[in-house]
Amino acid sequence: MEKVVSEAEELPKAIVRRLVKEKLSECSPDYDFIVHKDALPAFTESARIFIHYLSATANDICKESRRQTMNAEDVLKALEEIEFSEFVKPLRASLAEFRNKNAGKKGGAANENEAKRTRKIEDSSAENGSKTKQKKLDTNKEEEQEEEEEGQGEEEDNH
């Protein structure tokens, strides 16, 4: 009986294939490995199961801490709990590299967003300023028209 996995849970086969081949070439650079077509689904399913197991364990750690949001530290603790502690150190290094790389992007994005907000405020102020000036002009015109009408009414009364 074949197990059916939803498309949302399926890992991309090309990525799994590339990861397997890269790791094999690192382990034996002198030897070219060929991955049999049956091996790829085995790797894919194994990785999917590992992700489920790791995420469930990290979720339990998160719940024990009475939090709803899982973070990287929960995943690292989960790796230790399921006895994969040898992955923690390299993963910490990868996370630090990832955070440093994204810190620059976030800083740039934050500066860009701040510039956009400033432009919006300036545009809004200029627009409101124009509206205020227009209102003043309209009010002045109305006052002038009323004064003229009053003046004309007084002239007619004097005649």
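How each quantity is defined
- Residues numbered from 1 in each chain as written.
- Predicted model: local features only at pLDDT ≥ 70, side-chain atom pairs only at ≥ 80, totals over all residues.
- Heavy atoms only, no water.
- Axes fitted to C-alpha atoms, helices over the stretch in contact; angles between N-to-C directions.
- Helix = DSSP H or I, 4+ residues; strand = E, 2+ residues; numbered from the N terminus.
- Parallel < 35°, antiparallel > 145°, perpendicular 65-115°, else oblique.
- Left-handed = near helix turned anticlockwise from the far one by under 90°.
- Contact = heavy atoms within 4.5 Å.
- pLDDT = per-residue confidence, 0-100.
- Salt bridge = Lys/Arg side-chain N within 4 Å of Asp/Glu carboxyl O.
- Buried < 20%, exposed > 50% of the residue type's maximum accessible area, 1.4 Å probe, protein only.
- Phe/Tyr/Trp six-rings, centres within 6.5 Å; stacked < 30°, edge-to-face > 60°.
- Core = buried A, V, L, I, M, F, W, Y, C linked by side-chain atoms within 4.5 Å.
- Polar contact = N/O pair within 3.5 Å; in protein donor to acceptor, adjacent residues only side chain to side chain.
- Expected span 1.5 Å × (residues − 1).

**Points about the packing of helix α2 (residues 39-64) against helix α3 (residues 72-81)**
Here is step 1: Interaxial distance between α2 and α3 falls to 8 Å at its minimum, and their mutual angle equals 110 degrees. With respect to α3, the element α2 is oriented roughly perpendicular. With respect to the hand of their crossing, α2 and α3 are arranged in right-handed fashion. Judged by residue contacts, F50, L54, T57, A58, I61 and C62 of α2 engage D74, V75, K77, A78, L79 and E81 from α3.

**Some points on the confidence of the model for the protein chain**
Regions with low pLDDT should not have their predicted coordinates read in detail.
Here is step 1: Scored by pLDDT, the protein chain has a mean of 78; 62% of the residues are at 70 or more.
Here is step 2: Across the protein chain, element-level confidence peaks in α3 with a mean pLDDT of 95 and bottoms out in helix α4 (residues 88-158) with 67.

**Some details on the pattern of salt bridges**
Side-chain pairs of opposite charge can arise where the charged atoms are in close proximity.
Here is step 1: According to the stated counting rule, one finds six salt bridges in the structure shown.
Here is step 2: Two residues, R67 and D74, come together in a salt bridge whose shortest N-O distance is 2.6 Å.
Here is step 3: Using a relative accessible area of 1% as the deciding quantity, one classes D74 as buried.

**Here's the deal with the packing of aromatic side chains**
Here is step 1: Per the counting criterion, the structure on display carries two aromatic pairs.
Here is step 2: Here the aromatic cluster, defined as three or more aromatic residues joined through ring pairs, consists of F50, F84 and F87.

**Here's the deal with the side chain of T44**
Here is step 1: Within the secondary structure, T44 is located in helix α2.
Here is step 2: Setting aside chain neighbours within four positions, we find T44 in contact with L11 and V16.

**Notes on the nonpolar core**
In a soluble, globular protein the nonpolar side chains are often hidden away together inside.
Here is step 1: Grouped together as the largest cluster of nonpolar side chains are nine residues: L54, A58, I61, L76, A78, L79, I82, V88 and L95.
Here is step 2: Sorting the residues of this core by element identifies α2, α3 and α4 as the ones contributing at least two each.
Here is step 3: Dropping the residues within four chain positions of it, I61 is found in contact with D74, K77, A78 and E81.

**So, α3**
Here is step 1: For α3, the full list of buried residues reads D74, L76, A78 and L79.
Here is step 2: The N-cap of α3, judged by a side-chain oxygen 3.1 Å from the amide nitrogen of E73 a few residues on, is N71.
Here is step 3: Following α3 by one or two positions, E83 has its phi on the positive side, about 65 degrees.

**Focus on α2**
Here is step 1: With 26 residues, α2 should cover 38 Å at 1.5 Å per step; its first-to-last C-alpha distance of 37 Å lies within 8% of that length.
Here is step 2: Every buried residue belonging to α2 is among L40, T44, R48, L54, T57, A58, I61 and C62, and all of these are buried.
Here is step 3: Where α2 is buried, its residues touch α1 (13-27) and α3.
Here is step 4: R66 lies just past α2 and shows a positive phi near 55 degrees.

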